[in-house]
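# A look at the structure
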Amino acid sequence: MNNRIKVAVIGAGMMGKNHLRTYKNLSNFELIGVYDIFPEAAQSAAEAFGIKAFSSLEEVAASVDAVSVVTTSVTHAEVGEFFLNRGIHCLIEKPLATTEDECMRLINAAKNNNVTLLVGHIEQFNPAVEQMHKILNNNEICSLEARRMSAASGRITDVDVAMDLMIHDAEVVLSLVKSPVKNVYASSVKNEKFPSGKDYINALVEFENGVSASFTASRITQSRVRTLNVTTSNNYYDMDFINQSIAVHSQGRMHGVNQNDLPENMRYGLKGSIENLFIMQSQPLNSELNHFANCILGKETPRITGEQALNALKVIWEVQSCLNFNKVVNIAAE
């Protein structure tokens, strides 16, 4: 491999174009071309970015060191395995695949061919999430509440809102809690306008270490919400993915102090403080692709491995199972 990593993007949709645009401006990469099953889409993207429109996956593999797989979810396993088995480093957009068997095939292909497999859970490169990892490193988490809500969109129609949106928060929460999942419960909104129950889902996840996390994912909410609230033994953290911000709510009263032990003139109501952390904002996709380059060059290890992506998928599959059978799924008992 030369000093610059030769890369192509597989998939010329909206997200594929975001990858193309970002690669074009990164010094570690030489953007070679794009492939799409619709030749006219590939040609249009190629003309827009001054690159080659590949006519086949074989042609791509013969020309590059790495690819971004930005295709429909059901094709991730086939496309990713094709490149990994040819020694091509892969960034595969979330979800990694659609079944556990497909995920394991990708994980094993990367290991057997000694190439990088990075899964595109982009929120891990949100500077607010990066800061939250540092904050919670030595803090005892009690509970978490994730809300990811949007208006209806025609961009993704092949999966439900759990696989489309909730999976982002499931992966982030798993990385923060660092404990096996014990129980999962889920419910969905069904009405005449949204009869499938696939566009507004609530889920509760209980972890073996006693932490609980609630998730709300919606594609029928008129405002765009992307938040994660974390309660610890000392503070309450309010994080906004969109604004890349964290507000820290602290109690004014000393922890463990009995008001009856204080003089009467000091027995006052609870007063708290709110501190807004300074976070240097950045473009997560830019950070993600730079990280991909560093993994390929051996400078870093993948922040989101195939195994981590599979664990997030298992939570989503359990949520979907709850909705299908209207029951609590007790993972520990299975």
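Just above sits the structure.
The rules behind each value
- Residues numbered from 1 in each chain as written.
- Predicted model: local features only at pLDDT ≥ 70, side-chain atom pairs only at ≥ 80, totals over all residues.
- Heavy atoms only, no water.
- Helix = DSSP H or I, 4+ residues; strand = E, 2+ residues; numbered from the N terminus.
- Buried < 20%, exposed > 50% of the residue type's maximum accessible area, 1.4 Å probe, protein only.
- Contact = heavy atoms within 4.5 Å.
- Pairing = 2+ DSSP bridges.
- Phe/Tyr/Trp six-rings, centres within 6.5 Å; stacked < 30°, edge-to-face > 60°.
- Lys NZ or Arg CZ within 6 Å of the ring centre and 35° of its normal.
- Core = buried A, V, L, I, M, F, W, Y, C linked by side-chain atoms within 4.5 Å.
- Arc of directions from axis to C-beta.

Here we come to the overall build of the protein chain. Looking only at helices and strands, the protein chain features nine helices and 15 strands. Counting only residues that meet the buried cut, the protein chain has 50% of its 334 residues in that class. Long-range contacts, defined here as pairs at least 24 residues apart, represent 67% of the contacts in the protein chain between residues at least 6 apart.

Here we come to the sheet that holds strand E3 (residues 52-53). Across the sheet, six strands lie side by side as E3-E2-E1-E4-E5-E6; this open sheet has parallel pairing. Looking at strand neighbours, the two that pair on one side only are E3 and strand E6 (117-120), the edges of this open sheet. As paired strands, strand E4 (residues 66-69) and strand E5 (residues 89-93) are joined by four bridges and run parallel to one another. The residue bridging Val 67 from the neighbouring strand is Cys 90, located in E5.

It is worth spelling out the environment of Val 129 at this point. Looking at where Val 129 falls in the secondary structure, it is placed in helix H6 (residues 127-136). Taking C-alpha positions, Val 129 is 8.1 Å from Gln 244, a pair spaced 115 residues apart along the chain.

All right, on to the packing of aromatic side chains then. As enumerated under the stated definition, the model contains three aromatic pairs in all. Judged by centre distance (4.8 Å) and plane angle (75°), the rings of Tyr 23 and Phe 29 are edge-to-face. For the pair Tyr 23 and Phe 29, one class covers both residues: buried. Ring centres 5.1 Å apart and planes at 85° place the aromatic pair Phe 82 and Phe 83 in the edge-to-face group. With respect to burial, Phe 82 and Phe 83 carry one shared label: buried. Through pairs of rings, three or more aromatic residues link up here, namely Tyr 23, Phe 29 and Phe 292. Note that Arg 86 overlies the ring of Phe 82, its terminal NZ or CZ placed 3.7 Å from the centroid. The ring of Phe 241 has Arg 148 sitting right over it, with the charged end atom 4.7 Å from the ring centre.

The next thing to look at is the nonpolar core. If you look at the biggest cluster of nonpolar residues, it comprises 103 residues, and the most contacted ones within it are Val 67, Phe 83, Leu 144 and Leu 228. Apart from residues no more than four positions distant in its own chain, Val 67 is found in contact with Val 7, Ala 8, Ile 10, Val 60, Phe 83, Ile 88, His 89, Cys 90, Leu 91 and Phe 292.

Here we take up helix H2 (residues 39-49). By the burial criterion, the buried members of H2 are Ala 42, Ala 45, Ala 46 and Phe 49. Projected down its long axis, H2 shows its buried positions confined to an angular sector of 105°, all on one face. Exposed residues on H2 whose side chains face more than 90 degrees from its buried face are Glu 40, Glu 47 and Ala 48. Gly 50 sits one or two residues past H2 and shows a positive phi near 65°.

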